[in-house]
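# Commentary on secondary and tertiary structure
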Amino acid sequence: MPRFRAKPSSFIAPATVALVTALLIAIPFERSNGDTSGVISFLVSFLTFVAIYAIFTLGLNVQWGYSGVFNFGVLGFFMLGAYTAAIVTKEPASGSFTDYIGGFGGDLNLLPWLSSEQWLPHLVGLAAAAGVAGLVALLLSVTALRLRDDYLAIATIGVAEVLRRVVIEETWLVNGTRGLTGIPRPLGGLVGSTDYKYLLLAICGGFLVLTYFLIERAIRSPWGRVLMALREDEMATEASGKNVFAFKMQSFVMGAAIMGAGGAIYAYASSSLTPEVFTHFFATFLFWAMLILGGSGNNRGAIVGAYVLWGFWTITLQFQSYDLPDLLQTRMPYIRELVLGGLIVAVLLLRPAGLLPQRRQVSIWVERQLRRRPAAPAGSPTEGASSNR
Amino acid sequence: MTGDGTAAILAVDNVTKSFGGLRAVDGCSLTVSEGSITGLIGPNGAGKTTLFNIVTGFLKPDSGRILFRDDRIDPLPPHQIFRQGVLRTFQIPRELKGMTVLENLMLVPPGQAGETVWNPWFFRSRVARQEEANFVKALEVLEFVELGHLRDEYAATLSGGQKKLLELARTLMCDARLILLDEPGAGVNRVLMKKLVADIERLRREIGITFFVIEHDMDLVAQLCDTVIVMSEGKTLAQGTLDEIKRDDRVLQAYLGGQYR
C-alpha cells in the first residue's frame, strides 16, 4: 500500500516547480538573446493556458481524484463547452464558407449602458457551456455510470470520439473542419491589443481561482467525504446508508460542468476552434497526466500538475529550436511523447500519490476540531506519519 | 413470533435466491426476536452470508419476503434499509482505506446537511455544528471500541482485528435497531474477542440493540447468543438454544455427514 506509507518527502514538489520555472525563464531568455519583454509575453501566454488546463484537471480531480469515476472522455466535455460558448457568443453565420448554428452574440447585448456586449454574451456562453456539458453527463450517467471502472472508461472514450466525429462530419453544425474563427474576446474592447494578454491572463486566472474555491469548499466537507468513501469502497459506502449512485452522478455531472466551463474559457482565450486541436492525446490524456503527476485527490496538486506538465511540454518544444543533430531533430516530437510516458510511469512507481498527496482529513471541520483537540499520543494530527500497527 | 412471546424484529419468509444453477438460499424462513442476540451457524456454503446480503438489500431475493418490524424491506435499496435501522458488518472488513479511522466513522451518521453540495458552499455554520456533534460522537464510539489512539491513522494501517472493531464501530454511529454481524470473531485474537463479546452484550443491555450474528467459533456463539439458528443448503434446519441444537441429529448430520448419525 504505497499510498499509506510514511509521509513522502515534501521538498520534491517545490523543487520540481522551481526547476520548471527556471527553465521556462532561462530558455526563452537565451533564445531571444535577452529580450525581456519577449520573455514576459511568452510567460503570460504560458500561464494563461496553464490556468485553463488546470480547470480541466480540477474537473477531472472531482471525478477521478475524489470519487474514482473513470472518465477517459474529457475531450467530449471540453469540445461541448468550447463549441457551445463559441456559437453563443458569435454573430450568426454569414458568407459561403461558414455554416454553423446559433450566433446569439448580438442579441445578448441586453444592458447596453454597461457595455454588456463586452461581457454578457461570454457569461451566458460560459453558463451554457457548463450546462450543456453537465446535461450530457447527466444523460450519460443514467446509462453508463453503473458500469464498472474499466467499462466506464471505454464508454466515455466512445462518447468523446462520437462527438468529435459529429463536429467534423456535420459541417452545418459548427462549420466542420474549417472551424470557427473570430470568437469575440471577453472585455476585448477595453484595452489595446498589445495589452490584452494581461487582461486575458487575469480573466483565466480569476476563473481558475473561483473554480478552485468552489471545488475545495464542496470537497472538504461531508459531501466530499462521501465521494472519497465511494472511491475507496462503494459497497461499504452503501452499507453506511449513502445513495452511492446519486453521489457518483453528482460528482460526474459537476466534473463535466467544470470541464465544459473550461472549454468555454479555452474558446474565448484562443478565439478560434478547429477539430484538429481536439485530439484524445491533448484533450484527455494530457489532463490525466497532469492530475497523476500533481496528485489525484488534491486540488492544489491538480493545479501544480497542470503547471509542471505544461511547463515540461513547452520547454521540450523549445528544444526543437536548438541546432540539434538531425537524428534528434527529426525525432523530437516522438521523443517528447516517449519521455512523457516514461515520466508518468516513474510517478506511478516512485510517487503514486503525486507531487502533492491528498490531505489526511477530508472535512475542513474535522481538521479544525483536531487542531483544538490534539491527539494524546505523539505526532501531529494532520501530518503524522502512519504507524505500522 | 418466537417461543418466549417477544415480538419478531426480523422475519425472513420463504426466501429463495439462485446464482445460475446454484440455489444459495432455498425457501429459507426464520425470525429474530427483538432484543435477542441470535446466532446463525451452519456449514460453509449454507447460504448464511447470502441471506445477510438479502436482508440488507445488497441482493434481491428471487422470491419470498423480508419483514422488519412487520414492514417489507426486501424491495428497498441498501441505503434505505440502513435508514430503517438495519445495519451490517462485512465478513471481510471493508474499511475505507484512504481515510482516517475517525472519518470512516464520521461518514456514517444519516441526514448530514453537509452532504448536500450547496450547504458547504453557502450554509457553512449549519454544517459546522453537525460536524462538531459527529466528531464528538465518533470520538465516543472510538473510545468504546478502544481505537481512540488510532483515530488519525489511515484505516488501511489497522490490523485485522482492529478492522473488525472498526466495522462494529461503524454500526454504532447511528441509531441502529438491528445489527447483522458477519463473523465478528474471525481473525480476532482471544483478548480482543472477549472484549467484543462484552461490547455486544453491553450494547444489547444498554441500548437494546438486537444482534443477528454469523459465527463459526462455537465458543463465541456459546458466550454470546441466546438463540441459535442452523442453516444448511439454503434452508433453516433448526432453531433453539445452543444446547438444544447440539442434541439435534439433523444438525450433526449437516455438519459431519450421515455416518455419525
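### Here we look at the overall build of chain B
What chain B contains, in helices and strands, is ten helices and ten strands. Its C-alpha radius of gyration of 19 Å places chain B within 12% of the 18 Å reference for a compact globule of 261 residues. The C-alpha extent of chain B, read off along each of the three principal axes, is 65 × 40 × 40 Å. For chain B, buried positions account for 49% of its 261 residues. In chain B, the share of contacts with a sequence separation of at least 24, taken over all contacts with a separation of at least 6, comes to 66%.

### Describing the overall build of chain A
Across its full length, chain A holds 15 helices and zero strands. Here the C-alpha radius of gyration of chain A, 22 Å, is about what a compact globule of 389 residues would show, namely 21 Å. Seen through its principal axes, chain A has C-alpha atoms that stretch 70 × 55 × 45 Å. When contacts within chain A are restricted to residue pairs at least 6 apart in sequence, those whose partners lie at least 24 apart make up 76%.

### So, the environment of A:Val166
You can see A:Val166 is positioned in helix H5 (residues 149-169). Linking A:Val166 and A:Tyr151, residues 15 residues apart in sequence, is a C-alpha distance of 23 Å.

### Concerning the confidence of the model for chain A
Mean pLDDT for chain A: 89, with 94% of residues reaching 70 or above. This stretch, residues 378-389 of chain A, has a pLDDT under 50; its non-local contacts, to residues over four places away or in other chains, come to 25 contacts.

### Looking at unusual backbone geometry
Comment: phi is negative for the bulk of residues other than glycine, and the bulk of peptide bonds are trans. Residues and elements named next belong to chain A. The backbone of Asn175 shows a phi angle near 70°, a positive value even though the residue is not glycine. Looking at the secondary structure, you find Asn175 in the loop between helix H6 (171-174) and helix H7 (196-219). The exposure class of Asn175 is buried, given the 24 C-beta atoms found within 10 Å.

### Looking at the interface of chain A and chain B
With 41 residues of chain A in contact, the opposing surface of chain B contributes 39 residues. Elements represented by at least two residues in the side of chain A that touches chain B include exactly H7, helix H8 (222-232), helix H9 (234-239) and helix H15 (364-372) of chain A. Among the elements that make up the side of chain A that touches chain B, the one with the highest residue count is H8(A) (seven residues). In terms of residue class, the side of chain A that touches chain B is built from 20 nonpolar, twelve polar and nine charged.

### Thoughts on the packing of helix H11 (residues 280-294) of chain A against helix H14 (residues 332-350) of chain A
All names here are of chain A. Closest axis-to-axis distance for the H11/H14 pair is 9 Å, and the angle between their directions is 35°. In the crossing of H11 with H14, the sense of the turn from one axis to the other is left-handed. Where H11 approaches H14, its residues Ala289, Ile292 and Leu293 are matched on the opposing element by Leu340, Ile344, Val347 and Leu348. For the contact of H11 with H14, the residue count by class is seven nonpolar, no polar and no charged.

### A word on the sheet that holds strand S2 (residues 22-33) of chain B
Residues and elements named next belong to chain B. Read from one edge to the other, the open sheet built from four strands follows the order S2-S1-S4-S5, with strand pairing classed as antiparallel. Each having just a single partner strand, S2 and strand S5 (71-72) make up the two edges of the open sheet. Alignment of strand S1 (residues 8-19) against S2, held across nine bridges, turns out to be antiparallel. Residue pairing in the sheet places Thr16 in a bridge with Asp26 of S2. Helix H1 (residues 48-55) rests against S1, S2 and strand S4 (63-68) of the sheet, and its axis sits at about 115° to S1.

### Some thoughts on the sheet that holds strand S9 (residues 227-232) of chain B
Residues and elements named next belong to chain B. Taken together, the six strands give an open sheet; going across it, the order is S6-S7-S8-S3-S9-S10, and neighbouring strands pair in mixed fashion. Each edge of the open sheet is held by one strand with a lone partner, namely strand S6 (86-88) and strand S10 (235-240). Across this sheet, the average inter-strand angle for adjacent strands is 20°, counted without regard to direction. Two strands pair when backbone bridges link them, and strand S7 (residues 178-182) and strand S8 (residues 210-214) are joined in this way by five bridges, in the parallel orientation. Residue Leu180 lies in a different strand from S8, and its bridge partner there is Phe212.

### Regarding the pairing of S7(B)
All names here are of chain B. Taking burial as the measure, the five residues of S7 include five buried ones, the bulk of the element. Burial along S7 is two-sided: Leu178, Leu180 and Asp182 facing one way and Ile179 and Leu181 facing the other are all buried. Sheet analysis places S6 next to S7, joined by three bridges and oriented parallel. Opposite Arg88, over in S7, you have Leu180 as the bridge partner. One crossover worth recording links S7 to the parallel S8 by way of helix H7 (residues 190-207), and it is right-handed.

### Topic: helix H5 (residues 124-144) of chain B
The end-to-end C-alpha distance of H5(B), which contains 21 residues, comes to 30 Å, matching closely the 30 Å that a straight helix rising 1.5 Å per residue would cover. When we look at burial in H5(B), the residues that qualify are B:Val127, B:Gln130, B:Glu131, B:Asn134, B:Phe135, B:Ala138, B:Val141 and B:Leu142. The buried side chains of H5(B) occupy one side of the element, clustering within an arc of 150° when seen end-on. For H5(B), exposure combined with an orientation more than 90 degrees from the buried face picks out B:Ser125, B:Arg129, B:Ala133, B:Val136 and B:Glu143. For H5(B), the elements touching its buried residues are H8 and H15 of chain A together with helix H3 (101-106), helix H4 (118-122) and helix H6 (160-171) of chain B. Just downstream of H5(B) lies B:Glu146, where phi reads positive at about 60°.

### Observations concerning the pairing of S4(B)
All names here are of chain B. Where S1 meets S4, five bridges bridge the pair, whose relative direction is antiparallel. Bridge pairing links Leu10 to Phe68 in S4. Relative to S5, S4 is paired through two bridges, and the arrangement is antiparallel. Each bridged residue has a counterpart across the sheet, and for Phe68 the counterpart in S5 is Asp71.

Cut-offs used in this document
- Numbering of residues begins from 1 in every chain and follows the order in which that chain's sequence is written.
- The order in which chains are written sets their letters, starting at A; the order in which ligands are written sets their numbers, starting at 1.
- Reporting in this predicted model follows two pLDDT cut-offs: at least 70 for local features of residues, and 80 or more for side-chain atom pairs to be given and counted; totals over whole chains, interfaces and linings ignore these cut-offs and use all residues.
- The way it works is that DSSP assigns letters per residue, a run of H or I at least four long becomes a helix, a run of E at least two long becomes a strand, and they are numbered from the N terminus.
- Put simply, the radius of gyration uses C-alpha atoms, and a globule should come to 2.2 Å times the residue count raised to 0.38.
- To sort residues by burial, count the other C-beta atoms lying within 10 Å of each one's C-beta; a count of 20 or more means buried, 12 or fewer means exposed, and anything in between means partly exposed. C-beta atoms are built from the backbone.
- Note on contacts: each residue gets a C-beta atom placed from the backbone, and two residues are in contact if those atoms are within 7 Å.
- In predicted models, pLDDT denotes the confidence assigned by the predictor to each residue on a 0 to 100 scale.
- Each residue gets one label: Ala, Val, Leu, Ile, Met, Phe, Trp, Tyr, Cys and Pro are nonpolar, Asp, Glu, Lys and Arg are charged, and the others, such as Gly, are polar.
- Each axis is a line fitted through C-alpha atoms, taken for helices only over the stretch in contact, and angles between the N-to-C directions span 0 to 180 degrees.
- Note: crossing handedness is left-handed where the near helix turns anticlockwise from the far helix by less than a right angle, and right-handed where it turns clockwise.
- Two strands qualify as a pair provided that DSSP identifies no fewer than 2 bridges between them.
- By definition, the crossover connecting two strands over a helix is right-handed if that path, from the first strand to the second, turns clockwise as seen with the strands pointing away from the viewer.
- A helix is expected to reach a length of 1.5 Å times the quantity of its residues less one.
- In this description, one arc is meant: the one made by directions from the helix axis to the C-beta atoms.

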